[in-house]
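Working through the structure, step by step
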Amino acid sequence: MSLVPILRLVVSAVPLFFLGVSGCAHNRVDLSAYAPQGPFPGGSTMQRSFVVAPLADHRFRFFEYGSTGMVDTVGWGEGTGTLYTPQNIPNHVSTALVTQFRAYGMHVSYDPKVRCRIGGRRGHPEVSVTGSVRGVVLCGSILDYQFEFDHPRVVFGFISTLDMAAGASLSAQASLHLFLVRARSGRILWEGVETSSREKGGIRPPHLKRQAVAYLDQTLSRVLAKSARAMSGATK
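Figured I'd write up the structure that's included with this text.

Cut-off values and rules
Residues numbered from 1 in each chain as written. Predicted model: local features only at pLDDT ≥ 70, side-chain atom pairs only at ≥ 80, totals over all residues. Heavy atoms only, no water. Salt bridge = Lys/Arg side-chain N within 4 Å of Asp/Glu carboxyl O. Buried < 20%, exposed > 50% of the residue type's maximum accessible area, 1.4 Å probe, protein only. Helix = DSSP H or I, 4+ residues; strand = E, 2+ residues; numbered from the N terminus. Contact = heavy atoms within 4.5 Å. Polar contact = N/O pair within 3.5 Å; in protein donor to acceptor, adjacent residues only side chain to side chain.

This model, assessed by the stated rule, comprises 2 salt bridges. Between Asp30 and Arg28 there is a salt bridge, and its shortest N-O distance comes to 3.1 Å. In this structure, the salt-bridge partner of Asp57 is Arg59, at a minimum N-O distance of 2.7 Å. Across this residue pair, the class does not change: Asp57 and Arg59 are buried.

Turning our eyes to something else, we now look at unusual backbone geometry. Here the residue pair Pro205 and Pro206 is connected by a cis peptide bond, since its omega of 10° sits within 30 degrees of zero. Despite not being glycine, His207 has its phi angle at roughly 60°, a positive value.

Relative to the helices and strands, Glu191 is located in strand β12 (residues 188-203). Counting along the chain gives 14 residues from Glu191 to His177, while the straight-line C-alpha distance between them is 7.5 Å. With sequence-adjacent residues up to four places away left out, Glu191 is seen in contact with Pro125, His177, Leu178 and Phe179. In this structure the side chain of Glu191 is engaged in a polar contact, spanning 2.7 Å, whose partner is the side chain of His177.

So this is what it looks like as structure tokens:
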């Protein structure tokens, strides 16, 4: 076989290779360390000490009890495609919850070795706790944690028009299903589902992806405020 066709094939494949590599790089976002938001939203916080277990990842499961297969997906949008993060989303949301609840003055600690198994059927949940823990544990799952970022973009090789023009629109959704349970018996002391959804237009560069991540965590902070208030009110 002549070397000419082979060389032509190699030469034509090189731009496609760089295009693929560039696409992966442009579709990566990094989750920043969560910064607690504002004071406690009215009333007094629950004073009982409790442990937070890692939240399960039930996103994209439509309120079924089961893990997601899209573990690194954090956003998408028209012109941007699917956006991924190398960070562990359940760990990020779990530690954000602890950070925010501590800022509210709640007596909370985080133990990544504790595990909660959420089962049963919708409307009749069952929670079991394993690990070296006594007292009260906050278990739960992430039902939603994502942003949609619509922005026209053209990618060629290492060049992307993302962050080069204005007119982006951004929305974010977050939702948690939480259970406050007695570790030994699994008795549910409180259960709650809190959700927040926000959107805004006219997002301008630079650092559009960084703005999207910050907006998502601001949306999460609203969910955490609602959860802390509901849990504190129900356990007085």
